[in-house]
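Residue-level structural notes
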Amino acid sequence: MLLSRHQVLARRERDAERLDRSAYLLLSRIDTQGPMSIGQLAEAFGLDTSTVNRQTAALLRCGLAERVPDPDGGMARKLRITTEGARRLEEDREVNCSCLARVVADWSPEEVRELADALVRLNRSAEALEGRHWPRTEEGDAAPSCRRPAAPQEQTPPAP
C-alpha cells in the first residue's frame, strides 16, 4: 500500500497530461495483449462491463484508444491503443520508474534484485488466486523502461 501511495503522491507532482489509474491499467493491458473488446477487458480485470464501458469511453474521448474491427474476424469491435495513448503510457511508465528509483536510490543492487523478485512472486501469487494472469511477453521479462540503469546511483526494479 505504501508503494502504491508513493506512486499516487508522485502523480500530484506531475502535469495534467498524466493518465489516471484506470486509464493506465486499461492501456497497459491493451498494449500488452493487443486489441480487446470491452467484454474481454471486463473479464481480465474482474469488473462489470458497464464500469469498463465508462472507463473506455473516457479513453476514446481523449484519443488514447480507438475502436477497430476485430482482427480475428469476430463481430465485436475492439479497442486499440492509439499513437497518443502509447506515448502517454510510456511517459507515465517512465515517471513511475523514476519515482521508484528515488525510493530505492540508496539500496544495494542485491537489495533491489530481492525486491524485484519478491514483487514478481507477489504479483504471480495474486494472479493465481484470482485466476487472472497478466499476459507477459517472456517469463520474468521486465518492462524495458524499468531495467536497471548502468549508473549504480539509480537502481530500479522491474515494474510490478
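One can find the structure itself at the top, above this paragraph.
This part covers the environment of Glu 17. Note on placement: Glu 17 falls in the loop between α1 (2-12) and α2 (21-33). Excluding its chain neighbours within four sequence positions, the residues that come into contact with Glu 17 are Arg 87, Arg 88 and Glu 91.

Moving on, we come to the pattern of salt bridges. Following the criterion strictly, the structure yields seven salt bridges and no others. Here Arg 18 ties to Asp 92 by a salt bridge, and the two come within 2.2 Å at their closest N and O atoms. Of the two residues, Arg 18 sits in the loop between α1 and α2 while Asp 92 sits in helix α5 (residues 83-103), which places them 74 residues apart along the sequence. Across the pair Asp 31 and Arg 93 runs a salt bridge whose closest N-O atoms are separated by 3.1 Å. Placement of Asp 31 in helix α2 and of Arg 93 in helix α5 is noted, with a sequence separation of 62 residues between them. On the basis of relative accessible area, Asp 31 is assigned to the partly exposed category, the value being 36%. Arg 93 gets classed as buried once you look at its relative accessible area, which sits at 18%. Each of Glu 84, Arg 87 and Glu 91 takes part in a single network of salt bridges with overlapping partners.

Attention now moves to the nonpolar core. Leu 19, Leu 27, Leu 41, Leu 59, Leu 79 and Leu 89 are the most contacted members of the largest nonpolar core, which has 18 residues in total. Going through the elements one at a time, α2, α3 (38-45), α4 (49-61) and β2 (78-81) are the ones with two or more residues in this core. Broken down by element, this core gets its largest block of residues, five residues, from α2. Those residues in contact with Leu 59 that lie beyond four places of it in its chain are Ala 23, Leu 26, Leu 27, Leu 64 and Ala 65.

Our next topic: the packing of aromatic side chains. By the definition in use, this model includes one aromatic pair. Across the ring face of Phe 45, the terminal group of Arg 29 is positioned such that the distance to the ring centre comes to 6.0 Å. The residue whose ring lies beneath Arg 29 is Trp 134, and the NZ or CZ to ring-centre distance is 4.8 Å.

What follows covers the packing of α3 against α4. Interhelical geometry of α3 versus α4 gives an angle of 115° and a closest axis separation of 9 Å. Taken together, α3 and α4 sit at an angle that is classed as roughly perpendicular. When you trace α3 past α4, the crossing you get is right-handed. Between α3 and α4, the contacting residues are Ile 38, Gly 39, Leu 41 and Ala 42 on the first element and Thr 49, Val 52, Asn 53 and Thr 56 on the second. Of the residues that constitute the contact of α3 with α4, the class distribution is four nonpolar, four polar and no charged.

The rules behind each value
Residues numbered from 1 in each chain as written. Predicted model: local features only at pLDDT ≥ 70, side-chain atom pairs only at ≥ 80, totals over all residues. Heavy atoms only, no water. Helix = DSSP H or I, 4+ residues; strand = E, 2+ residues; numbered from the N terminus. Contact = heavy atoms within 4.5 Å. Salt bridge = Lys/Arg side-chain N within 4 Å of Asp/Glu carboxyl O. Buried < 20%, exposed > 50% of the residue type's maximum accessible area, 1.4 Å probe, protein only. Core = buried A, V, L, I, M, F, W, Y, C linked by side-chain atoms within 4.5 Å. Phe/Tyr/Trp six-rings, centres within 6.5 Å; stacked < 30°, edge-to-face > 60°. Lys NZ or Arg CZ within 6 Å of the ring centre and 35° of its normal. Axes fitted to C-alpha atoms, helices over the stretch in contact; angles between N-to-C directions. Parallel < 35°, antiparallel > 145°, perpendicular 65-115°, else oblique. Left-handed = near helix turned anticlockwise from the far one by under 90°. Nonpolar A, V, L, I, M, F, W, Y, C, P; charged D, E, K, R; others polar.

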